[in-house]
Amino acid sequence: MSILVTGGRGAVARSLATLLAGRGLPHRLASREPDTPEVVRCDLADPTTFPGALAGIRAVFLYAEAAGIEAFVEEAGAAGVEHVVLLSSSAVITEDATVNPLAAAHLAVEEALSASALHTTLLRPGAFAGNARPWFSSLASGRPVRLPHPEAHSAPIHEADIAETALALLADPGLGGGAHTLTGPQSLTFVTQLAILGSVLGRPLPYESVTPEQWKADVAEYLPAPYADALLGHWAAAEGLPAATTDTVEWFTGHPARSFETWAEENADDFHLP
């Protein structure tokens, strides 16, 4: 069974492709912007790229892109795809999922797949441990990390755990179906995440509390205002409120979810501190 892995420039897809190769499972890595000859072009917002990417494919690891999902479902069915594992988001189970732009895009993809004849498994991770990466540039320049809600909680999940969960599902289609919420093992505030990073790096990492308006101005160049507002609303609701955790990763992989400290240790060399 050949497997298409979309979102080929992302950490989860890259990790999954490595795991599939290690298992000897035939697969095809795809990206909107292929960066090596081995990666095929599949722009999930451009249906003209679907037929070539899906030729000979029986299972798909799919990133959530609402723009072309109806066409993708149709093409996948025509190609004979038997199983789709969707990388969705736990945001879809929040009360404001239909109006929150971050959640609504994932929800639209889930609904399109669920309404189709494709056998579908929904993976709903919460915050990624890699969401700490935007802090790198501030810390490298000697500036504090600017946080609008420093005490907001999440249970950050290591991207490798998402990839291993997807591997289990793709390697054994009998496990497929349903919706699964994935989290890391522990609820942490942003302040605690910085403290863990600082412990790994051997020095305290500074942060500065800023207003939501100041933070929106900081990210305006690359994050549209509606998405920034959605994040701010989520963080405000999570301030001082520990995040729920699940054992989904352990159920599928046989080991507990990796800690944020593990992620920090593995990525410490990417923090170029002055």
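Scroll up a little and you will see the structure.
Below or above, wherever it landed, is the structure these notes cover. The shown structure was predicted, so the numbers you read here are calculated from the model rather than taken from an experiment. (Residues numbered from 1 in each chain as written. Predicted model: local features only at pLDDT ≥ 70, side-chain atom pairs only at ≥ 80, totals over all residues. Heavy atoms only, no water.)

A separate point is the side chain of glutamate 164. Checked against the element boundaries, glutamate 164 lands in helix α6 (residues 159-171). Apart from the residues lying within four places of it in its own chain, the contact partners of glutamate 164 are Leu19, Thr253, His255 and Arg258. (Helix = DSSP H or I, 4+ residues; strand = E, 2+ residues; numbered from the N terminus. Contact = heavy atoms within 4.5 Å.)

To continue, consider the pattern of salt bridges. Within this structure, the stated rule accounts for 11 salt bridges. With its nearest N and O atoms 3.9 Å apart, the salt bridge here joins arginine 41 to aspartate 43. For arginine 41, a relative accessible area of 43% gives the class partly exposed. In this structure, arginine 133 engages aspartate 270 in a salt bridge whose closest nitrogen and oxygen atoms are separated by 3.2 Å. Here aspartate 270 lies in the segment after α11 (260-266) and arginine 133 lies in the loop between β6 (119-125) and α5 (135-140), a separation of 137 residues in the sequence. Since its relative accessible area comes to 35%, arginine 133 is described here as partly exposed. A relative accessible area of 34% places aspartate 270 in the partly exposed class. Where salt bridges share partners, they join Arg9, Arg14 and Asp35 into one cluster. (Salt bridge = Lys/Arg side-chain N within 4 Å of Asp/Glu carboxyl O. Buried < 20%, exposed > 50% of the residue type's maximum accessible area, 1.4 Å probe, protein only.)

The next thing to look at is the sheet that holds strand β5 (residues 83-87). Spatially, the seven strands line up as an open sheet ordered β3-β2-β1-β4-β5-β6-β9, and their pairing is parallel. Both edges of this open sheet fall to β3 (40-41) and β9 (179-182), since each of them pairs with a single strand only. By the bridge criterion, two bridges tie strand β2 (residues 27-31) to β3 in an arrangement that is parallel. Residue pairing in the sheet places serine 31 in a bridge with arginine 41 of β3. (Pairing = 2+ DSSP bridges.)

Glancing now at the pairing of strand β4 (residues 59-63). Counting buried positions along β4 gives four out of five residues, so the element sits mostly inside the fold. Handedness of the crossover joining β4 and β5 through helix α3 (residues 69-79) is recorded here as right-handed. (Right-handed = clockwise from strand over helix to strand, strands pointing away.)

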